[in-house]
Each structure stands twice: as C-alpha cells, then as structure tokens.
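Chains, contacts and geometry: an overview
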Amino acid sequence: MNFKRWGIARCAVQLLMIALLASPLAGLAIFTGNLAAAELLGLPLADPLAFLQALLGGRVFVLSYLLSALLVVGFYFLLGGRTFCGWVCPVGLVTELADRLRRKLGTGTQTLPLTLNRWSLALVLLVVMATGVPLFELLSPIGIISRAIVFAALLPLLLVAAILLMELLVARRVWCRSLCPLGGFYSLLAAFSPLRIGFVADRCTHCNDCLKACPVEEVLQPSLELNHPQVVAGDCTRCMACLDACPAKALKISIGYQPVSRDVTDPLKGGR
Ligand code: SF4
Ligand code: SF4
C-alpha cells in the first residue's frame, strides 16, 4: 500500500485552517477575521482578489490593505498560486469529500473545461467595475463557509449545499476546477511560480495512477504524453496527490524553471 504522506500533511493543514478560523470562538487571539481579511499573530493578511474588487469598486485606497494583499500574493507566488486551493481553502476540503462520495456513487461524470475559471474571474471584475458591488465577496462559498465558522451564519450554507449537489449529480469538482474566480486568479499567478511538480520520464511506467489521483489531470498530461520535465500549468494545486500515487517515484518537487528539451520526442509517436 502506498503511504499517502502528502495527503495526511494536506489534511492536517486544512483542519488547522478551520481551527484557526474558529479560534476566536474559543477566546484565542492567534487569528482574527476570515479568508478575505485577517490578522495572524498581529500580521495583517488580505485576499488579493478581495483587495482588487475593493480597488475596482472605487472604495478608498488604503496602503496597509495593499501591503497585506501583496504579502499574500508573494507567499502564493513562491508556493504556486493554487496551493491556496489545495491546502487552505475550506471549500476545497468539502468538495474533495463530495468527490469521494461521487466516485462511489458513479454519478456526475461530466467534466467542464478548466479555463472557465478565468472567464468567471473576468466576469466578477467587470461586474465590480460596472456596479461597485464586490459580487464574489457576497456570494463566494469560501466567504460563506468562513462566516459560518466565525459567526455561525448557517443559512447561506444552502448555496454551498447546492454546489455540492451539482458536483454529485452533474460534473465533478465543478466549483474548484472551473467556476471559482479566486482559483482563476491564483492559476494566473501560479503559471510563473518557482515551485512545481517535476517529472522523471525514465522512471515512468505509464500506469496512469497519478492521473487518477490528480484533481486537474489535464495539467499532468503534457508530462506523461510529451515527457515535459515539469508541470507548468497554473491550475496545478500543488496538492501532491500525484507524488503520493506514483509507485515509480517519477514525480517529485522541482524548484525553478526547466525548459522542455529540444530532443524530447513524443512517446505516443514512437520516441524514446
Ligand atoms: S499535478 Fe500533482 S500536485 Fe498538481 S494538481 Fe495534479 S496531483 Fe496535485
Ligand atoms: S503514476 Fe508515476 S509511473 Fe504511473 S503514469 Fe504517473 S508518473 Fe508514470
């Protein structure tokens, strides 16, 4: 049996995030706020998309707000933008559990394109520019779950339940893969991040276990099919499920940019 050490580490971080969000309820002063704006041990942090919406919506510009958003941007740039989705976002944890159930039931087999999340990001920004209303902050399941934990605001959870139902019955991981504007924002950032998943072509036996484990398998395909040495697509959540799944240890953490070698040939067309 393959020991899922990354899966355990990721689950621990996801649960820690929920504990941090709930910590003020226990009278602790480590973390205050929610995932849109918070203070961790006195350090102000801001969701960059929430900041962008406030800026485009014509609200007062505050330098400290910009700096807190830049701090978060810098952190996720280094780790790979959608690391937020794989390790921090409470919606990711909930949709992961729903996905396990969906697999057991054999329902919701459709797949929507990953690129939709860039369009939903554009839509959110256009709406905020046209109306001044920070649409995503009001309707985001991320905010809804954060507020449910922090303020026990339970009624809006019905929207999250509707998303989960759609994932179970219609298309798999539809929110995180294709609809979330914050995922779209971080995927643009992640395309330039130095921390990536590396691929050692000589070790790969093409068993496809990594593809089955990956929540966004399209990002792995260029490596498996064309021997690309790294996963470069911004939608890789750095969840490391592929590292846990690979029996041949052909996937690894890779720091820095590795260009595709010119003599790499397509194995599907009879290369090495
Ligand atoms: S390529 Fe690996 S790390 Fe990236 S999303 Fe897929 S399973 Fe997760
Ligand atoms: S799990 Fe490992 S050996 Fe199997 S296809 Fe993926 S990279 Fe290759």
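Below or above, wherever it landed, is the structure these notes cover.

Rules used in this analysis
Residues numbered from 1 in each chain as written. Chains lettered and ligands numbered in written order. Predicted model: local features only at pLDDT ≥ 70, side-chain atom pairs only at ≥ 80, totals over all residues. Heavy atoms only, no water. Pairing = 2+ DSSP bridges. Helix = DSSP H or I, 4+ residues; strand = E, 2+ residues; numbered from the N terminus. Axes fitted to C-alpha atoms, helices over the stretch in contact; angles between N-to-C directions. Near = heavy atom within 4 Å. Nonpolar A, V, L, I, M, F, W, Y, C, P; charged D, E, K, R; others polar. Core = buried A, V, L, I, M, F, W, Y, C linked by side-chain atoms within 4.5 Å. Buried < 20%, exposed > 50% of the residue type's maximum accessible area, 1.4 Å probe, protein only. Domains from an automatic or database assignment. Contact = heavy atoms within 4.5 Å.

**A word on the sheet that holds strand β1 (residues 31-33)**
- Taking strand neighbours across the sheet as the criterion, the three strands line up as β1-β2-β3 in an open arrangement whose pairing is antiparallel. At either margin of the open sheet sits one strand with a lone partner, and together these are β1 and β3 (43-46). On average, each strand axis in the sheet is inclined to that of its neighbour by 20°, with strand direction left out of account.
- With three bridges joining them, β1 and strand β2 (residues 37-40) adopt antiparallel strand pairing. When the bridges of β2 are listed, F31 appears paired with L40.

**Details of the site of ligand 2**
- Taken together, 14 residues lie around ligand 2, and C204, C207, N208, C210 and C246 are the ones closest in.
- Of the residues assigned to the shell around ligand 2, the class counts are ten nonpolar, three polar and one charged.

**Here's the deal with the sheet that holds strand β6 (residues 251-255)**
- One open sheet accounts for three strands, arranged β5-β4-β6; its pairing is antiparallel. Two strands bound the open sheet, and with one partner strand each, they are β5 (230-231) and β6.
- Judged from the five bridges that link them, strand β4 (residues 195-199) and β6 form a sheet pairing that is antiparallel. Of the residues in β6, the one forming a bridge with L195 is I255.

**Some remarks on the nonpolar core**
- Core analysis: the largest hydrophobic core is formed by 56 residues, its most contacted members being F84, I142, L182 and L251.
- In terms of residues, this core owes the most to one element, helix α8 (residues 141-151), which gives five residues.
- Looking at which domains feed residues into this core, each of domain 1 (5-189) and domain 2 (194-269) supplies at least three.
- Excluding anything up to four places from it in sequence, L251 contacts I197, G198, F199, C210, L220, C242, L243 and C246.

**Some remarks on the site of ligand 1**
- Taken together, the neighbourhood of ligand 1 is formed by 13 residues, with C214, C236, C239, M240 and C242 sitting nearest.
- Its residues placed into classes, the shell around ligand 1 shows eleven nonpolar, one polar and one charged.

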